[in-house]
Amino acid sequence: MSLPQPVPPSWKDLGKSSNDLLGKDFPTSNVALEVKTLTPSNVGFKVGGSRDTKSNLISGDIEAKFFNKAHGLVLTQTWTTSNILKTQVELENQIAKGVKLDLQTALTPDTGAKSALFTTIYKQPGLHTRAFLDIFKGPTFTADTVIGRDGFLVGAEASYNVTEGKITRYATAIGYSAPEYAVTLHGLGNLSTFAASYYHRVNPDVEAGAKAVYDTRASPSGNVALEVGAKVYLDTSAFVKAKINNSGILALGYTQALRPGVRASFGLALDTQRLNDPVVPSPHKVGASFTFEN
């Protein structure tokens, strides 16, 4: 008798553990601030801003999110400093169990540019599938599916341009996920780029991971990119992260929970091949991120 199968991750979340380990909590290119609040009437507000440490440009957005849990409805409105108005409407488990509908729109009043993406998601034990229709671009129809059984995962994605009547993009992936580790292999960009990622929770305080990307279109001397990293919990409220790639870029991150709902992160990226290079501007980067949430 087979055991009940969990819902597998979505296509975009295949290899997520490794991607999060190597990609998150390294604020090396900007100084960012984010404030989140939630009212008793289930209305959430978020204000975020960041300053690019290279260009000194400041960008930000303000977001309001309305929850109606009884009807599975979430409405999100966002206004950015680029004067882009975004709206997202989500409806989950109302048409049928496991079905989620999502409509995301964006409008730039200054130029009249607009976009609309309609998404349908269906998930059940052993299956996670999504379908996207980009209404104003093409229109383009994209679908992806992930099938999982006993930890093994198989996924595929394809995009079809309705106007041109042809498949414009396809990709595939296989993987295995266990509580302590995960391995994922991707064939992306019409199978022209191949990526392999690995994540391992060594013990409750240490995580390690690696990712290699092979681009068949790149020159023979530089078509493989490799990155390895680790995360160490110092205590229940702080952790450090480090990663390095084959280009010699070493990144360090430190995150500290100052109090419940208040978190600070600091990042540093060093070009180890140019430590003594007196180039202006410096090839090294530093940044920070602060989050306040009630």
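Here, the structure is the one placed above.
None of the values given here were measured: they were computed from a predicted structure.

The rules behind the values
Residues numbered from 1 in each chain as written. Predicted model: local features only at pLDDT ≥ 70, side-chain atom pairs only at ≥ 80, totals over all residues. Heavy atoms only, no water. Helix = DSSP H or I, 4+ residues; strand = E, 2+ residues; numbered from the N terminus. Buried < 20%, exposed > 50% of the residue type's maximum accessible area, 1.4 Å probe, protein only. Polar contact = N/O pair within 3.5 Å; in protein donor to acceptor, adjacent residues only side chain to side chain. Phe/Tyr/Trp six-rings, centres within 6.5 Å; stacked < 30°, edge-to-face > 60°. Lys NZ or Arg CZ within 6 Å of the ring centre and 35° of its normal. Core = buried A, V, L, I, M, F, W, Y, C linked by side-chain atoms within 4.5 Å. Contact = heavy atoms within 4.5 Å. Pairing = 2+ DSSP bridges.

Enquirer: An account of the side chain of E90 is requested, with residue identities and associated values reported.
Expert: Tracing the backbone shows E90 in strand β5 (residues 85–92). Residue classification places E90 among the buried positions, given a relative accessible area of 14%. In terms of polar contacts, E90 uses its side chain to reach the side chain of K100, at 2.9 Å.

Enquirer: Can you explain the packing of aromatic side chains? Please cite residues and give values.
Expert: Applying the stated criterion to the full structure yields four aromatic pairs. Aromatic ring contacts, followed pair by pair, group F152, Y176 and Y181 into a single cluster. Of note, K114 hangs over the ring of F136, and the distance from its end group to the ring centre comes to 5.2 Å. The ring centre of F26 lies 4.7 Å from the NZ or CZ of K243, which sits over that ring.

Enquirer: So, the nonpolar core: which residues are in play, and what are the values?
Expert: Membership of the largest hydrophobic core is limited to six residues, which are W11, L14, V146, L153, A171 and A173. Other than its neighbours up to four places away in sequence, L14 contacts P9, N19, V146, L153, A173, T184 and H186.

Enquirer: Describe the pairing of strand β13 (residues 193–203), and please don't skip the residues or the numbers.
Expert: Side-chain direction in a regular strand flips from residue to residue, so the side chains alternate between the two faces of the sheet. As judged from the eight bridges shared by strand β12 (residues 181–188) and β13, these two strands associate in the antiparallel manner. When the bridges of β13 are listed, Y181 appears paired with H200. Between the antiparallel neighbours β12 and β13 lie four residues, among them G189 with a positive phi of about 55 degrees. In terms of strand pairing, β13 meets strand β14 (residues 206–215) through 10 bridges, oriented antiparallel. Bridge pairing links R201 to E207 in β14. Between the antiparallel neighbours β13 and β14 lie two residues.

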